[in-house]
Structure formats: C-alpha cells, structure tokens
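Read off the chains here:
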Amino acid sequence: MEFVKGGVCAPAGFKAGGIYAGFRNNPAKKDLAMIVSDRKASAAGVYTQNKVKGAPIEVTRRHIEDGYASALICNSGNANTCAPNGVSVAERTCELAASALGLDASDIAVCSTGVIGQELDLAPFEAGIPVLAGTLSYDGSSEAAAAIMTTDTVMKETAVSFDIEGTRCTIGGISKGSGMINPNMATMLGFITTDVNISPQMLQKALSADIVTSFNQICVDGDTSTNDTVIILANGMAQNDEITSEGEAYHTFCEALSAVTTYLAKKMAADGEGATKLIECTVKGAPDDETARKIAKSVISSNLLKAAIFGSDANWGRVLCAIGYTDAVFTADSIDVEMKSAKGSVRVCEGSRHREYSEDEASEILKASGILIDVNMNQGTGCGTAWGCDLTYDYVKINGDYRS
C-alpha cells in the first residue's frame, strides 16, 4: 500500500470540482463542491448522533437507502439545520444537480456545513450548479476539498493505492472539520471514493467498523455537530472480483480504508480552531480495546489538559483525572504516563504516582507541534488511540466572531 496524489479523484472514474456560488460573503472562498462517479456506485454512510440533525442527512439517508448513488453535492457557509423548508431545499438541490448531470435525483447525496439556524437560499444552487457541473474534472479533488471548508485553515485530502488479489485499487478522501468536533458517528464531513468492486452491504460494514477507530476518536472542543456525515462511494471500476463477504480481499480493503480515514482524522484534529499542537494519546494495557479507546478519547478531550499542552506544562495530573472519569470498568492504581515529541520523551508518572523528572526538560518537549501522551494501564492487552489539539486563546476569538 502506498499513498498517492489525487484525493477523491485518484480512484478510476471519479470527477470533482468546487466553485464560489454565493453562500458565503467572501468570493475568494469556494463554497459549492461536487463529486461524481462515471457509473452508479455502491454507497454507504454514517451520520451524527446528535438528536438535532441537518435536513441534508434525512435526504441523503433516503437516497442511499438502496445502497447506491452516483454523485454528492455539498455547500459550505450554511448548515441547513433548523432552517425553514430545509428538507425541501435539500431535495431541490438534488433535483438541480440531477438535471445538470443527467442523473436521477434519488442517486445524489447532499450535505451542508456552516451556520446553524439560518434559512438556506436556493438561488446560489440554481445559478452555481450548472456552472459547477461544467467544470468537473478528473483532477478536481483539491477544488472540492477547498469548497467544503469553513473555519478550516488547510485542505484535507489523501489517497492510497493497493492490491486486491492482484488487481490495483485506490481509495481517496477529502474531509473538513476544525470546530464543533467531537464525532459520535462534528461539523465534520468526510467524502471517500474508491474504484474497488464491493457490495453495498460489505461497504457499509467496513465504514461502520472503521469510524470506531478513526473519525470517532478525534475531539477539538467536545461539541458533536448536527451535520456530521461520512459518505463512501465504490464504483467497481478497478474490476476486481466483487467483495461480498469477509475474507482476505475484504480485510485488505479495510486496511486501506483505515489508512485514508486515520490520515484525515489526524489532519482535522491538528487543524482545530486556534490550535497550535496536535495531541495523540495512545493507551495500552487496558482490559480491552473498547476501554482503551474510551480512555484515550477522554484524555484528548479534557479542556484542562488541552490548555496545559498549549502552555507546555507537563501537568500529568490532568491526564490521570481524565482517565479516572472515563465511563468504563478498570482500575486506576497502576497507571504509567509518558509524554513525548520530536524533542524527546519524559516519564512523568509511574504506578499512578509522581515520578521525579525535570520540569524544564518536560516543558521543552511540550513546545513541539506534535505531542504524544503514552498511557500504560498495566491491566490487560487492550489498545486504543485518539487525537485532539491544544486549547488556545484563538479558539474563543474564532467562535466569538463566528457569525460576524
């Protein structure tokens, strides 16, 4: 398996693009994206667990209920959540896209991201969709990735190439997410494409299992968005034998999918609003993997720890505190904690007790842009990882001015 360029256009048979259509006040920022498969694809999705959901989720769920889709469209700047006529606007968006692409509206997924509670005007869709459809290209992934960004500071896209039983296959992805990030599948969106030939049932199984260790393991601010959506389209154009059950081919596909989603998850965590540091917490020695994942997620979600990391303060007591209130069954009397970065490593806690170390050395280690918190629970074989970011002054500034 190797990482390759091209994002969602790296797999065979996918076009994409992005333009400014007028959903935002800044014409320099693209705000309408589209991804289209050359032929109908197997489709699967996962969505927010927030009880308040964006209207596009209802429409997308209905459209891919049969396991197939041909395209997806997404606007940024307005979430179409708690908005008047939200569902009808999302449906009309699919109809406009279908008309421009020569497809059925029921074969189009729709997503929105941005401000909650504001009416979404159809005019930008009516004017922009025909233009966007005419600009789609087989190297348009970056344009689409730019068009789904809100407070993101960098585009998130990647792709991997790999073999399934001698057939070369590719998976590509783009995502957005910087604030309101605590997926329970945030305003996070993830769009994944692949030319692998796989049934809708196995595609959904793979995606549902994958997010448990990827997108669900990131946290920027603890807020689960109303619009979280991850959609994957598999058009089969690699022409491998169709994957219809578990086996070597399926597990190879899952490994490649994990490489894409984990990369995107880490990029979103690192690009948290106002963030200066990526925090990765690895937990081993837990009673089981699920417990390890919960502990890791609890640690990187702690606002007190996130603030300490921003200040380069090795306040390991905040790690133990976050471990202690994790909703899982384990003992907390034999925990070891080590803090690492490219600048070095320091063990700050042994057996859940203080261990002598140099505060100056620890502070220097925590000045790096990537921080690893290594936790050993010493009571089992369970392992898990989660990703977050530091909490800075700019987070408050960005969200205080969000609608300005």
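All of the points below concern the structure found in this document. (Residues numbered from 1 in each chain as written. Predicted model: local features only at pLDDT ≥ 70, side-chain atom pairs only at ≥ 80, totals over all residues. Heavy atoms only, no water.)

If you tally the helices and strands in the protein chain, you get eleven helices and 16 strands. A globule of 404 residues ought to have a C-alpha radius of gyration of about 22 Å, and the protein chain, at 21 Å, matches this closely. Across its three principal directions, the C-alpha atoms of the protein chain cover 70 × 55 × 35 Å. For the protein chain, buried positions account for 57% of its 404 residues. (Helix = DSSP H or I, 4+ residues; strand = E, 2+ residues; numbered from the N terminus. Rg over C-alpha atoms; globule rule 2.2 N^0.38 Å. Buried < 20%, exposed > 50% of the residue type's maximum accessible area, 1.4 Å probe, protein only.)

What follows is about the packing of aromatic side chains. A full pass over the atoms with the stated rule returns three aromatic pairs. Each ring, one from phenylalanine 3 and one from tyrosine 263, has its centre 6.0 Å from the other, and the planes form 45°; the classification is tilted. A centroid spacing of 5.3 Å and a plane angle of 90° characterise the contact between phenylalanine 310 and tyrosine 393, whose relative ring orientation is edge-to-face. One end of the pair, phenylalanine 310, is in helix α8 (residues 303-310); the other, tyrosine 393, is in helix α11 (residues 393-400), with 83 residues separating them in the sequence. Here phenylalanine 310 falls in the partly exposed class, since its relative accessible area comes to 26%. (Phe/Tyr/Trp six-rings, centres within 6.5 Å; stacked < 30°, edge-to-face > 60°.)

Moving on: unusual backbone geometry. At glutamate 165, a position not held by glycine, the phi torsion is positive, near 50°. Turning to its location among the elements, glutamate 165 is positioned in the loop between β6 (156-164) and β7 (167-176). One non-glycine residue, serine 352, adopts positive backbone phi at about 65°. Here serine 352 shows up in the loop between β13 (344-350) and β14 (353-354).

As for its position among the elements, valine 283 is in strand β11 (residues 278-286). On the basis of relative accessible area, valine 283 is assigned to the buried category, the value being 2%. Expressed as a C-alpha distance, the spacing of valine 283 and isoleucine 398, which sit 115 residues apart in the sequence, is 32 Å.

Our focus in this paragraph is the sheet that holds β11. Reading across from one edge, β9-β16-β11-β15-β12-β13-β14 is the order of the seven strands in this open sheet, with mixed pairing throughout. In the strand order of this sheet, the two ends are held by β9 (218-219) and β14, each with one partner. Along the sheet, helix α6 (residues 248-270) makes contact with β9, β11 and β16 (382-389), crossing β16 at roughly 40°. (Pairing = 2+ DSSP bridges. Contact = heavy atoms within 4.5 Å. Axes fitted to C-alpha atoms, helices over the stretch in contact; angles between N-to-C directions.)

Our focus in this paragraph is the nonpolar core. Judged by nonpolar contacts, the single largest core of 37 residues is most densely connected at Phe162, Ile171 and Phe253. Broken down by element, this core gets its largest block of residues, twelve residues, from α6. Each residue touching phenylalanine 253, except ones within four places of it in the same chain, is listed here: Phe162, Ile164, Ile171, Thr194, Val196, Ile198, Leu203, Ala206, Ile232 and Ile243. (Core = buried A, V, L, I, M, F, W, Y, C linked by side-chain atoms within 4.5 Å.)

Glancing now at the pairing of β7. β7 sits mainly inside the fold: eight of its ten residues count as buried. Note: β6 against β7, nine bridges, orientation antiparallel. Counted as the bridge partner of glutamate 157 is isoleucine 174 from β7. Bridge count for β7 against strand β8 (residues 189-194) is six bridges, and the pairing is antiparallel.

The next subject is the environment of serine 37. Relative to the helices and strands, serine 37 is located in strand β3 (residues 32-47). The spacing of serine 37 and glycine 166 is 129 residues in sequence and 24 Å in space, taken between C-alpha atoms. There is a polar contact of 2.5 Å between the side chain of serine 37 and the backbone oxygen of arginine 39. (Polar contact = N/O pair within 3.5 Å; in protein donor to acceptor, adjacent residues only side chain to side chain.)

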